[in-house]
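Observations on chain architecture
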Amino acid sequence: MPQPRLVSPSSEQQDDPAFNMARALSAHFETGSTKSLSWRFSQLDALEHFLMEREQDILDALHADLRKPAMEAFSSEIGFAISELRLARKNLARWMKPERVRTPWLVMPGRSYIYREPLGVTLIIAAWNYPFHLIVLPLIGAIAAGNCAALKPSELAPHVSALLAKWIPKYFDTKAIRVVEGGPPETTALLRQNWDHIFYTGNGRVGRIVMEAAAKHLTPVTLELGGKSPCIVDESADLDTTAKRIVYGKFFNAGQTCVAPDYVLVHDRVHDALVNRMVATIREFYGDDPKQSTDFSRIINERHHARLSRFLDDADIVTGGETDPSERYIAPTILKNVNEDDALMQEEIFGPILPLISFSSVDSAIGFVNRHAKPVALYLFSREREVQERVLARTSAGGTAINHVWLHFGVPGLPFGGVGESGMGAYHGRHSFETFSHRRSVLKKPTLPDPPLIFPPYTARTMRWLKKLF
């Protein structure tokens, strides 16, 4: 006997505007209106209008929450979303077509297909570090696949959350796409409900809570988490290029990026030379006083600022280390003489602090990486093909860039996601469409009479014929 979608709400839950969200969206999904190509196109068009017409509002909100430079905010939050939605719109009709697959002789005559159908009602919970991007990109996949979606922006980025709550209803079909603001109580209310898919971006601790809640309804999840993404620099690396790319990737958004290099394993023969180039690059990018630079972001809040500041206690600081709680500022900082058991090596740093650790061989660097949880990203700087292949063969990560950092994130043909502790599932490009779709198997048979050998009574003769079909 089928179970009801939701348990009966208590009187307290009935008063919670978030509690009945899944039920309301489900009622609309059952009308079938979101399944049409025209509806999907209309919502993708609405998103593009939103991005274009409200660009300055989005930039202002991101600056208010994180003091993001306009260049970083546009490229990583708005421009990236524009590219993704245009890719989806261009290819959507083709993605939606039934995919024909080979039909074996055993079940001929007939034709076999894979139909992509929407999962139904989806919940998207975003993190605060890219608070606009991490709502909009999954939403593109949910829309493209024909789903309804509830959007839960991070309360730690209140200006972006308020912007989404204000403008999403003015651009989108409000029966199918809704925003829920609030903190843990609202998120908890949402997680009590029966969704067809939950897409969560954030840390592993909350990821476990999301997965536990989803398990009660056997709801599938996509978990985009994080971890300590290592960067390996071997002695063959081009140090000038390596320094610029690591500094750029680490201190973009003040290090508050899940795919930022969390620490650098550098060959001891080039350790000092790399450090010198990185110090010079920081000065080149942000000036003698990065606090005055308009190109350097701030920490999201006081709690995270205090957590990061503690990592600097008794640290061997090469450059940086200055903090200002009143401005949530931490300077771009490089540390040396870091040990594997130091506090900052026990959790994802998620801030503008970069530890450097020396190694004597690529094998020892590989061993270091493999002693820790699988990261969402791994970076290798080496001009040696054999070293590149060895690292790829003997490590595991959600994604990898060789001789750069996190640019693989921007390749729509590559699935973006973690592995193990760093997450499950992937999205971007067609992978977003697939994440929010069910691949339905369909066999179409004509009404011609079936061969009698498949029906009882079975004989030795029918067994001989059956064996010939396999």
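Up top is the structure.
Let us look at the structure shown here. (Residues numbered from 1 in each chain as written. Predicted model: local features only at pLDDT ≥ 70, side-chain atom pairs only at ≥ 80, totals over all residues. Heavy atoms only, no water.)

1. Brief notes about helix H6 (residues 133–144)
- The first and last C-alpha atoms of H6 sit 16 Å apart over twelve residues, in line with the 16 Å expected at 1.5 Å per residue.
- Count one or two residues on from H6 and you reach Gly146, which has phi positive near 90°. (Helix = DSSP H or I, 4+ residues; strand = E, 2+ residues; numbered from the N terminus. Expected span 1.5 Å × (residues − 1).)

2. Focus on the sheet that holds strand S6 (residues 197–201)
- The strand order S5-S4-S3-S6-S7-S17 describes an open sheet built from six strands, whose pairing is mixed. This sheet does not close on itself; its edge strands, each paired only once, are strand S5 (177–179) and strand S17 (423–424). (Pairing = 2+ DSSP bridges.)

3. Focus on the layout of surface pockets
- Within this model, the second largest pocket holds a volume of roughly 240 Å³.
- Forming the walls of the second largest pocket are 15 residues, and the residues nearest its centre are Trp105, Leu106, Met108, Pro451 and Ile454.
- A per-class count over the lining of the second largest pocket returns 13 nonpolar, no polar and two charged. (1 Å grid on protein atoms, 1.4 Å probe; cavity = no way out; pocket = protein on both sides within 12 Å on 5 of 7 lines; lining within 4 Å. Points joined across faces, edges and corners; volume = space filled by probe spheres on them. Nonpolar A, V, L, I, M, F, W, Y, C, P; charged D, E, K, R; others polar.)

4. Here we look at the packing of aromatic side chains
- Going through the model one piece at a time under the given rule, you end up with 18 aromatic pairs.
- Ring centres 4.8 Å apart and planes at 75° place the aromatic pair Phe199 and Tyr427 in the edge-to-face group. One end of the pair, Phe199, is in strand S6; the other, Tyr427, is in the loop between S17 and helix H15 (430–435), with 228 residues separating them in the sequence.
- A relative accessible area of 0% means that Phe199 is categorised as buried. (Phe/Tyr/Trp six-rings, centres within 6.5 Å; stacked < 30°, edge-to-face > 60°. Buried < 20%, exposed > 50% of the residue type's maximum accessible area, 1.4 Å probe, protein only.)

5. Considering the pattern of salt bridges
- Applying the stated criterion to the full structure yields 23 salt bridges.
- Residues Glu284 and Lys244 are paired through a salt bridge, measuring 3.1 Å at the closest nitrogen-oxygen approach. With Glu284 in helix H11 (residues 271–286) and Lys244 in helix H10 (residues 239–251), the pair connects residues that are 40 residues apart, well separated along the chain.
- Between Asp363 and Arg394 there is a salt bridge, with the nearest N and O atoms lying 2.7 Å from each other. (Salt bridge = Lys/Arg side-chain N within 4 Å of Asp/Glu carboxyl O.)

6. Quick notes on the sheet that holds strand S18 (residues 437–444)
- The three strands lie next to each other as S1-S2-S18, forming an open sheet whose pairing is antiparallel. Edge positions in the open sheet fall to strand S1 (99–101) and S18, since each of these has one partner strand only. Strand after strand, the sheet turns through a mean of 30° between neighbouring axes, direction not considered.
- Inspection of the sheet shows S1 paired to strand S2 (residues 111–118) by three bridges, in the antiparallel sense. By the bridge assignment, Glu99 is partnered in S2 with Ile114. (Axes fitted to C-alpha atoms, helices over the stretch in contact; angles between N-to-C directions.)

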